[in-house]
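Chains, contacts and geometry: an overview
Letter by letter, the chains look like this.
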Amino acid sequence: MSNCAQHVTVTLSGESYAPPVPVIDRAGRVLVAYQDADRPYVMLATCADGHCFRTAVTGMRNGPGDGLAMTLDRAGRPVIVWTDDNGSYFSDSEWSLMATTPLNLTP
């Protein structure tokens, strides 16, 4: 039996409220949006050939929430949507739905 597939495991961050979201861009790179477990940032990893480069996309005002999604716009740029949450599940809980497109990625 021949080996027709291989994989590389890369740890991007510790445990987070929202699972990471991968998409494949037009260049064949894997883009992974995730929330940094140690700092209040939405991050984007650009992965190819077993190597990932991490970019802080934006800070979170309140902290990580449990909502995270990503798609590509018509120009092929990632659009990331997440919930910015103050972490309280009581009646004074406040969260915001945020969206951003990182413009500093190399094509």
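In this text the structure is predicted, and so the values were computed from the model without any measurement.

Brief notes about the confidence of the model for the chain
Looking at the chain, pLDDT values average 81 and 82% of them are 70 or higher. Of all secondary-structure elements in the chain, the lowest mean pLDDT belongs to strand β7 (residues 95-100), at 86, while strand β1 (residues 21-24) reaches the highest, 93.

Brief notes about the side chain of Q35
When you line up the elements, Q35 lands in strand β2 (residues 30-35). The buried category is assigned to Q35, whose relative accessible area is 0%. Sequence-distant contacts of Q35, defined by excluding residues within four places in its chain, comprise S13, S16, Y17, A18, Y41, M60, P64, G65, G67, L68, W82 and T83.

Description of the side chain of R29
Examined against the element boundaries, R29 turns out to sit in the loop between β1 and β2. On the accessibility criterion, R29 (16% relative accessible area) is buried.

What to know about the state of the cysteines
All told, the structure shown has one disulfide when counted by the stated rule. At a sulfur-sulfur separation of 2.0 Å, the disulfide partner of C47 is C52. Looking along the S-S bond of the C47-C52 disulfide, the torsion reads about 115°, which is the right-handed sense. An identical accessibility class is assigned to C47 and C52; each is buried.

Basis of the calculations
- Counting starts from 1 at the beginning of each chain's written sequence and moves along it residue by residue.
- Owing to the predicted nature of the model, reporting of local features is limited to residues with pLDDT of at least 70; listing and counting of side-chain atom pairs is limited to 80 or more, with chain, interface and lining totals taken over all residues.
- Where side-chain values are given, they derive from all heavy atoms of the structure, hydrogens and water being excluded.
- Per-residue confidence from the prediction method is given by pLDDT, with values spanning 0 to 100.
- What counts as a helix is a DSSP run of H or I of at least four residues, what counts as a strand is a run of E of at least two, and both are numbered from the N terminus.
- Exposure is judged per residue with a 1.4 Å probe applied to protein chains only, and the accessible area is read against the type maximum: over 50% gives exposed, under 20% gives buried, and values in between give partly exposed.
- In this description, contact between two residues means that some pair of their heavy atoms is separated by no more than 4.5 Å.
- A pair of sulfur atoms, both from cysteines and within 2.5 Å, is called a disulfide here.

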